[in-house]
Amino acid sequence: MPGQRTAVRVLIATGLLAAAPATASGWVDWAELNPRQMRVGIVHAAVNITGVALYVASLTARLRGHEISGRMYGWAGLGVVGIGGALGGHLAYRLAAGANHAEAVPQLVEPGWHYVADLSDLPQGRPTHRDLDGVAVVAVRQPGDRVHVLAEHCSHLAGPLSQGTLEDGCLRCPWHGSTFRLTDGWNITGPATAPQPAFDTRITDGQVEARLHT
Ligand code: FES
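Read on for an overview of the structure. (Residues numbered from 1 in each chain as written. Predicted model: local features only at pLDDT ≥ 70, side-chain atom pairs only at ≥ 80, totals over all residues. Heavy atoms only, no water.)

Thoughts on the overall build of the protein chain
For step 1, the next point in the chain: Counting its secondary structure elements, the protein chain contains 4 helices and 10 strands.
For step 2, the next point in the chain: Taking 214 residues into account, the globule formula puts the C-alpha radius of gyration at 17 Å, and the protein chain, at 24 Å, lies well above it.
For step 3, the next point in the chain: C-alpha atoms of the protein chain, sized along the principal axes, occupy 85 × 30 × 30 Å.
For step 4, the next point in the chain: Across the 214 residues that make up the protein chain, the buried fraction comes to 36%.
For step 5, the next point in the chain: As displayed, the protein chain has an accessible area near 12000 Å², and 60% of this comes from carbon and sulfur atoms.
For step 6, the next point in the chain: Across the protein chain, the 16 positively charged side chains and the 17 negatively charged ones have centroids separated by 18 Å. (Helix = DSSP H or I, 4+ residues; strand = E, 2+ residues; numbered from the N terminus. Rg over C-alpha atoms; globule rule 2.2 N^0.38 Å. Buried < 20%, exposed > 50% of the residue type's maximum accessible area, 1.4 Å probe, protein only. Areas by Shrake-Rupley, 256 points an atom, 1.4 Å probe, with all protein chains shown as cover. Lys, Arg positive; Asp, Glu negative; His and termini not counted. Charge placed at Lys NZ, Arg CZ, Asp CG, Glu CD.)

Laid out in structure tokens, this is it:
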């Protein structure tokens, strides 16, 4: 807009500064995606880097007094960043990168207690895959016949927690190492950013039953 030259420069410079932490967090997320997501992520990154370069060119031209070419670079940068945003949306929504992969579990489990397994069928100290009325869960039997039950598929990228390892009262995902507290599913360490759905358990006549932890 006419008369807004200083504001334009400040705005572009602010956007360029903000691109640095966004790029860093993007690379961290990218490093643990699956191959299909990684491919889109690389294109997304390349497009965004091009957009940033165009905005650098825009700011440089404007500071040198080349207002018209500064605007041209700016419009080009806006278009390219728009494409990068669309790719980011595809990555997040269609390919579910960064989404909570255990979010559906509370919707799928009916209220009340459900049979999990006979206690005698659960080995001590080893995560075991079980089916809870069609919902995959992992059961962990501990000394004193305490049994913990969490949703099977990791909230990060759906890794199989029944193939994970136990450490310090937590279950470590075999894919990228997120750890979830057995008692309530809380994500103690990432990269998972969401807790794992957890279940209350009880033992009735030698049968382990579970219901969603509320
Ligand atoms: S799938 Fe990535 S930490 Fe579990």
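Read on for the rest.
Observations regarding the side chain of H156
For step 1, the next point in the chain: On the secondary structure map, H156 appears in the loop between strand 4 (146–151) and strand 5 (165–167).
For step 2, the next point in the chain: A distance of 3.2 Å separates a polar atom in the side chain of H156 from a polar atom in the side chain of H176.
For step 3, the next point in the chain: Dropping the residues within four chain positions of it, H156 is found in contact with E32, A99, H101, H176, S178, P191 and A192. (Polar contact = N/O pair within 3.5 Å; in protein donor to acceptor, adjacent residues only side chain to side chain. Contact = heavy atoms within 4.5 Å.)

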